[in-house]
Amino acid sequence: MNETEWLVEWFRNRDEDVTFGIDEHYVENGALDSFGVVELIEGVEQNFSIQMDEQVFQDPNFFTIKGLAEIIAKKRTGT
Amino acid sequence: MTADATSVLEKRFRDSHDSVLLHTIDGKKLTYGGFWANAKRVADDWRSQGVRPGDKIAFHMENSPGFLCCYLACAIGGFVACPVTRDLSSENIDYILKLIKPAKIIEAAPEPIFELTPAPASEMTLEISDITMFVIIFTSGTTGRPKGIVHRFEAIIGSASSFGKLSGMDDQTRLYHVLPMTYMAGFLNTFMAPLLAGGSVILGNAFSPISALNFWQRPDDENVNTLIITPSIAAAVCRLTRDQDAGRRAVSNMRCIQSTAGQLNSAIRSQFLEIFGHPLQDCYGLTELGGPLTTQGPDDARYEESVGRVLPELDCVFRQTSSDEDELWIRSPFLMMGYLQEDGIEPAELSDGFMATGDLGLFQGDKLYITGRGKDMIVRGGVNIAPIMIENVIGKLDSVEDVAVVGIQHDFWGERIIACILAKEGMDFKELTKEIRRHCAEHLPVNHRPDRSVIMDSFPRALNGKVKKNELREQITDNDLE
């Protein structure tokens, strides 16, 4: 399962009815609230054995599945 | 009660004229004199646009130094500050604006001019009077509509002064401000109280999980010694602080870390103490009674789950509710003028000068313990949420026979919103849950949407048919919440 697939699955596990594009802002569209963001960060860190830092939040892509998948992939490869 | 609140505030600005009041996020500073000059400029600008003393001004904007200037501009010009939080539904925002009929709506905060010549101390005079309306704070009402809580100027000044003293604030206080400025805690506890003590306010971004990863950097850099947060912020910071050494370093400078706007549960208390080595001091309050009502000392907060000592100006008694529980009633000189209504101000319902808090509690020595809630209200992430507002929305669905919404304790939110549903016969439960979710997403603001919907066979009811929510809460199982 790649990063995008894992993230889509993560959102579906929270709400199987959820439907939104992978380039949509998942907080602005109401798919995730602030507690959800906390859980997402923890889930990503645990699953991919990476550590998030505040730098990633400067990147507006953090808030889309597509962008976050890219951030995770970069962290995993250390680029 | 402060004999002359206007003099108290004027004197503070004169006495602290050259001291720094505000440190902005981008590293700029405003002295008390500079801050006054900026607020005066804003007040003069509004006057030139026809705003008159007693007129209401709606603030509908993000946290900023200019937002705080607007509050002082209201005191300088004798206007009424009406902060309107941005996370309300558009329907409720319209309702509030219709109710207050503002002379002006401010949606973009005025940018402070840092080079502005500080106001001369001799010209620091306020047009507002002690007993006139100064601020209207909106909070969720038990009817489901926001309630406008109207406060006199002297109540705000008196409450902020007393709370600051009880919290140990003084001219050395450096408070880190991360709470929404539209709420009482983001205005009175975290701005007016340190200001009246002659201290400084270090502005941070309004808190979000995004800032939690690096929460301690700015307090550490700015030698912050006072922090006021909510239980949800404390929970997020506990979970997301990645550099715990940095956290402990920042916290080692702290004289006081308070948690307000929601019940602090023991899990967050002990987690915070364990991770950061500093106790989280509880602070209980009610906007109607002037905002903060108690504060816990740091030593007490290590060992006790009280909400601390009560402000010395308050009188507390307990009276039995119809279900034989001890409800806390308080008499306060900082009591609101009343609730804003279409046709004026409706005063608080008092009995011998005491107002019911809706909370249950007891005293042990001079420490107050809050043991439960008598009124039908959920506090999620520091925001009061009226269950009836959600019940009215869900109840409109044809497939729902009846609905009762309750709060269930949660480590992050304080309480989670659980919608208990009686379905019409023959309904597919899974489909119904989806329908409720979709319907709430359309009709409720994000923070009012149920975290879970639980389908039940029946509700426990009193003889008059009213749902017994305490019993209902007990019927919700852990399985229901997964």
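Residues numbered from 1 in each chain as written. Chains lettered and ligands numbered in written order. Predicted model: local features only at pLDDT ≥ 70, side-chain atom pairs only at ≥ 80, totals over all residues. Heavy atoms only, no water.

Asker: Whenever I open this one, the overall build of chain A confuses me. Can you help?
Answerer: The secondary structure content of chain A amounts to 4 helices and 0 strands. Counting from the amino terminus, helix and strand elements in chain A follow one another as α-α-α-α. For 79 residues, the compact-globule estimate of 2.2 N^0.38 gives 12 Å, and chain A sits close to it at 12 Å. Reported as C-alpha extents along the three principal axes, the dimensions of chain A are approximately 35 × 25 × 20 Å. Looking at chain A residue by residue over its 79 residues, the buried ones come to 43%. Residue pairs in contact within chain A that sit at least 24 positions apart in sequence constitute 53% of those at least 6 positions apart. (Helix = DSSP H or I, 4+ residues; strand = E, 2+ residues; numbered from the N terminus. Rg over C-alpha atoms; globule rule 2.2 N^0.38 Å. Buried < 20%, exposed > 50% of the residue type's maximum accessible area, 1.4 Å probe, protein only. Contact = heavy atoms within 4.5 Å.)

Asker: Is there a simple way to explain helix α1 (residues 5-15) of chain B in this structure?
Answerer: The periodicity of an α-helix, 3.6 residues per turn, causes residues three or four positions apart to be oriented the same way. All names here are of chain B. For α1, every residue scored as buried is listed here: Ala-5, Thr-6, Leu-9, Glu-10, Arg-12 and Phe-13. Taken end-on, α1 shows its buried residues confined to a sector of 155 degrees, consistent with a single buried face. Packed against the buried residues of α1 are β1 (20-23), α2 (32-48), α3 (65-77), α5 (153-166) and α6 (184-196). (Arc of directions from axis to C-beta.)

Asker: Looking at this structure, I do not really get the sheet that holds strand β26 (residues 414-423) of chain B. What am I missing?
Answerer: Whether parallel or antiparallel, the strands of a sheet pair through hydrogen bonds between backbone atoms. All names here are of chain B. The sheet built from 3 strands is open, its strands ordered β25-β26-β27 with mixed pairing. The open sheet is flanked by β25 (400-410) and β27 (452-456), the only strands paired with a single partner. Averaged over neighbouring strand pairs, the angle between their axes works out to 30 degrees when direction is ignored. Across 5 bridges, β26 lies against β27 in parallel orientation. Bridge pairing in β27 links Ile-418 to Arg-452. Of the strands in this sheet, β25 and β26 touch helix α13 (residues 387-394), which is tilted by about 145 degrees from β25. (Pairing = 2+ DSSP bridges. Axes fitted to C-alpha atoms, helices over the stretch in contact; angles between N-to-C directions.)

Asker: Looking at this model, I keep getting lost on the sheet that holds strand β8 (residues 174-177) of chain B. Mind explaining?
Answerer: Residue and element names in this part refer to chain B. Sheet architecture is open: 7 strands sit in the order β2-β1-β9-β8-β10-β11-β12, paired in mixed fashion. The open sheet is flanked by β2 (29-31) and β12 (281-282), the only strands paired with a single partner. Of the pairings in the sheet, the one linking β8 to strand β10 (residues 226-229) comprises 2 bridges and is parallel in character. Looking at the pairing, Tyr-176 lines up with Leu-227 of β10. Most of the contacts of α6 go to β8, to which it runs at about 160 degrees, and overall it touches β1, β8, β9 (200-203) and β10.

Asker: Explanation requested: the side chain of His-278 of chain B in the structure shown.
Answerer: All names here are of chain B. For His-278, the location among the structural elements is in the loop between α11 (266-276) and β12. With a relative accessible area of 9%, His-278 lands in the buried category. Reaching out from His-278, the side chain makes a polar contact with the backbone oxygen of Met-254 at a distance of 3.4 Å. Apart from the residues lying within four places of it in its own chain, the contact partners of His-278 are Val-251, Met-254, Arg-255, Cys-256, Ile-257, Phe-272 and Leu-273. (Polar contact = N/O pair within 3.5 Å; in protein donor to acceptor, adjacent residues only side chain to side chain.)

Asker: Can you help me understand the pairing of strand β4 (residues 80-83) of chain B in this one?
Answerer: Within a regular strand, the side chains alternate between the two sheet faces. All names here are of chain B. Going residue by residue along β4, you find Val-80 and Cys-82 tucked away on one face and Ala-81 and Pro-83 tucked away on the opposite face as well. In this sheet, β4 lies alongside strand β3 (residues 56-59) in parallel orientation, the contact comprising 4 bridges. The residue bridging Ile-57 from the neighbouring strand is Ala-81, located in β4.

Asker: Help me understand the environment of Lys-98 of chain B, please; the structure alone is not making it clear to me.
Answerer: Residue and element names in this part refer to chain B. With respect to the element layout, Lys-98 can be found in helix α4 (residues 90-100). By relative accessible area, which is 60% here, Lys-98 ends up exposed. Each C-alpha atom of the pair Lys-98 and Leu-68 lies 24 Å from the other, and the pair is 30 residues apart in sequence.

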